[in-house]
Amino acid sequence: MIDRHPWLDALAHAVLIAGVVLVAFPVYVAFIASTHGPHDFMSGLVPLLPGSEMVANYRAMLTDGLSSSGAPPLGGMLWNSLMMALIIAFGKIAISILSAYAIVYFRFPFRAVAFWMIFVTLMLPVEVRIVPTFKVVADLGLLDSYAGLTVPLIASATATFLFRQFFLTVPDELMEAARIDGAGPLKFFRDVLLPLSRTNIAALFVILFIYGWNQYLWPLMVTTTSSHYTIVMGIKRMSDVADALPQWNVVMTTVVLAMLPPVVVVVGMQRLFVKGLIETEK
Amino acid sequence: MSAIEIAAVSKVYAGGVRAVSDVSLSIADGEFIVLVGPSGCGKSTLLRMIAGLETITSGTVAIGGRVVNEVDPAARNIAMVFQNYALYPHMSVYDNLAYGLRNRGVPKADIDARVAEAARMLEIAPFLDRKPRQLSGGQRQRVAMGRAIVRKPDAFLFDEPLSNLDAKLRVSMRGEIRQLQRRLGVTSVYVTHDQLEAMTLADRIVVLNGGRIEQVGRPLDVYHSPASTFVASFIGSPAMNLADAEVAGGAVAIGGQVVASGVGGIADGKLTVGLRAEDILPTPNGAGVPFAVRYIEELGATRLVHGSVEGRHLTMALSPDLPLADEIRITVAADRLHFFDGESGRRVGR
């Protein structure tokens, strides 16, 4: 806004507050639900104030799990999700920054073809290629393993494209200066390009961590033993009970716990994240 | 420190564009050479071929007697100063200076000493801990120079290093570069499109046009006897006045009016006559030809008067003390005229 009117300010605040309430209220209800006993949410009246079962709920879910719906203790599932999210985030960043480096800074035959091949995969997310991908992973014997969970999700056109765009803004003279300074391709990458990409890497890490954490369909396909379940799968299994009412209090306990790691990542990296998205540092 | 020998060098880009054609040039040890020419004349390409940033299509470049066509830029022992400085933005000034030395495995104590010396010379010692973005344009330029100096290279290569600075800073940096180069005695090749920079910095100027050398010479030689109409109009400000003329039997005539006679060594035919603005003189009492004044540029110490003689545009430099009318009468000294072939534009006669 160029003009500042008090009532425009008020309107802006009203819109923002409405947005926050809209987003935050369900989260609040989820948290409240996690502090009540098993029957409170079945009474037809949703309580809006914290109950007394919070400690019991969280302790039960972290230690025993919910055996009736085949969910193991949350600790293991949280660990699996964490590993999956971290491997995907780091793997995607490592591969895409290297491929972007190759595409931008090296002249090799079929360079444009390579770039477009990567670009085209944007149109083929996991859901589209899930059957062939599952076949490949199964044939490689990667079912029920971290490799099977993560490798098919690591190749990333989006991240490659993002790094490519960033590298194109780095002046050529910088590379030439480094060449004259005796830095070979890998040294230039390590000493100049990588430090300059710091904020971009941080921003991507946040996005990719959440992407990896929220994966549902793919883990559901490739894991069959409970020791490799991820937390998002676990939530679904718990709420999906046969011949009984779902225990919303413990489901919501799980949901709250599953929300925490992404929140920690976003809050912890917020400054770098915003910088990486808005800044074109030269 | 060493001489640079450029022999019959050409550059043809993949698309068939010929940027540099058959350029040969001997640069003596410690000499300051300025490559000057308009945009696209191939001067930067030539410099980048000396640096090793551009491959050489044909011909050879030798630095210090060693042919370096296939030698990596880092192994040529040259240092380059770029137009946009190309400082590493995430490194401190100290690290910017030290980076190249570290890559070459220079001992830490030695690096410290060299950086300190260069920083003292360029007066950037107080900024060694800062990042480039915390420096002004002039300071960045000094850091870029420092990065070249600490290398103790065989040659400095400058690629329009002053064009990002404001006019005042440009003049003072120009003087500093000249003094620094004299003090260090390092062979230097300097690319610019600014003829004033070329005149003031160079031991010898190389004027390039369309990828070819038009003229090589000391600044005053190039100014006083330009080898072609291109050089005549490029070097010097304002540009030399040029007019079509005919020559018959040693008499040169512009529009039927004889301006010089008894000129030897020029075949009859078409000619281009050149005349510097300061060589046109006003005449006091009705002598000379009438000159219609169109507009005036005041430069303080002198004034540039633009006008025409018989429809031909002419610029002259006059002292601001002289009174000016709408029409004045002027004359030229016949021995100050420059003659160029009417077809090729090459200098003929004297």
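Residues numbered from 1 in each chain as written. Chains lettered and ligands numbered in written order. Predicted model: local features only at pLDDT ≥ 70, side-chain atom pairs only at ≥ 80, totals over all residues. Heavy atoms only, no water.

Asker: Please provide a residue-by-residue account of unusual backbone geometry, values included.
Answerer: Residue and element names in this part refer to chain B. A cis geometry characterises the amide bond from Ser 237 onward to Pro 238, with omega recorded as 0°. Mapped onto the secondary structure, Pro 238 falls in the loop between α8 (229-234) and β11 (241-248). Here the phi dihedral of Tyr 85 falls at roughly 70°; this positive angle occurs in a residue that is not glycine. Considering the arrangement of structural elements, one finds Tyr 85 in the loop between β6 (78-81) and α2 (93-103). (Helix = DSSP H or I, 4+ residues; strand = E, 2+ residues; numbered from the N terminus.)

Asker: Hey, could you go over the environment of B:Asp166 for me, with residue numbers and the actual values?
Answerer: Residue position: B:Asp166 is located in the loop between β7 (155-159) and α5 (167-184). Separated by 29 residues in the primary sequence, B:Asp166 and B:Gly137 place their C-alpha atoms 8.8 Å from one another.

Asker: Tell me about the environment of B:Ser225, residues and numbers included.
Answerer: Residue and element names in this part refer to chain B. Inspection of the secondary structure puts Ser 225 in the loop between α7 (219-224) and α8. Separated by 207 residues in sequence, Ser 225 and Arg 18 place their C-alpha atoms 29 Å apart. In contact with Ser 225, other than residues within four places in its own chain, are Gln 215 and Arg 347. (Contact = heavy atoms within 4.5 Å.)

Asker: So, the UniProt feature "transmembrane region" (unreviewed entry) in chain A: which residues are in play, and what are the values?
Answerer: Residues and elements named next belong to chain A. Within the UniProt annotation, "transmembrane region" (unreviewed entry) is assigned to residues 12-33, 82-106, 113-134, 146-167, 188-213 and 248-269. Spanning residues 82-106, this segment combines 96% helix with 0% strand, and its end C-alpha atoms are found 35 Å apart. Between the first and last C-alpha atoms of residues 113-134 the distance is 27 Å; the span itself is 59% helix and 0% strand. (UniProt positions renumbered as here; feature names shortened; annotations may be inferred.)

Asker: Tell me about the UniProt feature "domain: ABC transporter" (unreviewed entry) in chain B, and please be specific about residues and values.
Answerer: Taken from the UniProt record, the annotation "domain: ABC transporter" (unreviewed entry) applies to residues 4-235 of chain B. Here residues 4-235 of chain B is 37% helix and 25% strand, with 25 Å between the C-alpha atoms at its ends.

Asker: Explain the interface of chain A and chain B to me, using residue names and the numbers behind them.
Answerer: Tallying the contact residues gives 18 residues for chain A and 22 residues for chain B. Both sides together, the interface formed by chain A and chain B hides about 1800 Å², and carbon and sulfur atoms give 59% of it. Looking only at chain A, the three residues that lose the most surface to chain B are A:Arg179, A:Ile180 and A:Asp181, adding up to 39% of its buried area. Summed over the shared surface of chain A and chain B, the number is two salt bridges. When the shortest N-O distance is used, the salt bridge between A:Glu176 and B:Arg48 registers 2.8 Å. At the boundary of chain A and chain B, one finds ten residue pairs in polar contact (both at pLDDT 80 or more). In terms of residue count, helix α8 (residues 172-180) of chain A provides more of the side of chain A that touches chain B than any other element does, seven residues in total. Of the residues that constitute the side of chain A that touches chain B, the class distribution is nine nonpolar, one polar and eight charged. (Buried area = accessible area lost by both parts, 1.4 Å probe. Salt bridge = Lys/Arg side-chain N within 4 Å of Asp/Glu carboxyl O. Polar contact = N/O pair within 3.5 Å; in protein donor to acceptor, adjacent residues only side chain to side chain. Nonpolar A, V, L, I, M, F, W, Y, C, P; charged D, E, K, R; others polar.)

Asker: Give a description of the pattern of salt bridges that names residues and reports values.
Answerer: Residue and element names in this part refer to chain B. Using the criterion set out here, one finds 17 salt bridges over all chains in the structure. Linking Asp 203 and Arg 182 is a salt bridge whose minimum nitrogen-to-oxygen distance equals 3.9 Å. Here the residue Asp 203 occupies a position in the loop between α6 (195-201) and β9 (204-209), and Arg 182 occupies one in helix α5, the gap between them amounting to 21 residues. Taking the relative accessible area as the measure of exposure, Arg 182 reaches 55% and is therefore exposed. (Buried < 20%, exposed > 50% of the residue type's maximum accessible area, 1.4 Å probe, protein only.)

Asker: Which residues make up the sheet that holds strand β8 (residues 187-192) of chain B, and what values do they have?
Answerer: All names here are of chain B. Judged by pairing direction, the sheet is mixed, and its six strands sit side by side in the order β6-β7-β8-β3-β9-β10 without closing on themselves. Each edge of the sheet is formed by a strand with only one pairing partner; in this case those strands are β6 and β10 (212-217). Each strand of the sheet is rotated relative to its neighbour by a mean of 15°, with strand direction disregarded. (Pairing = 2+ DSSP bridges. Axes fitted to C-alpha atoms, helices over the stretch in contact; angles between N-to-C directions.)

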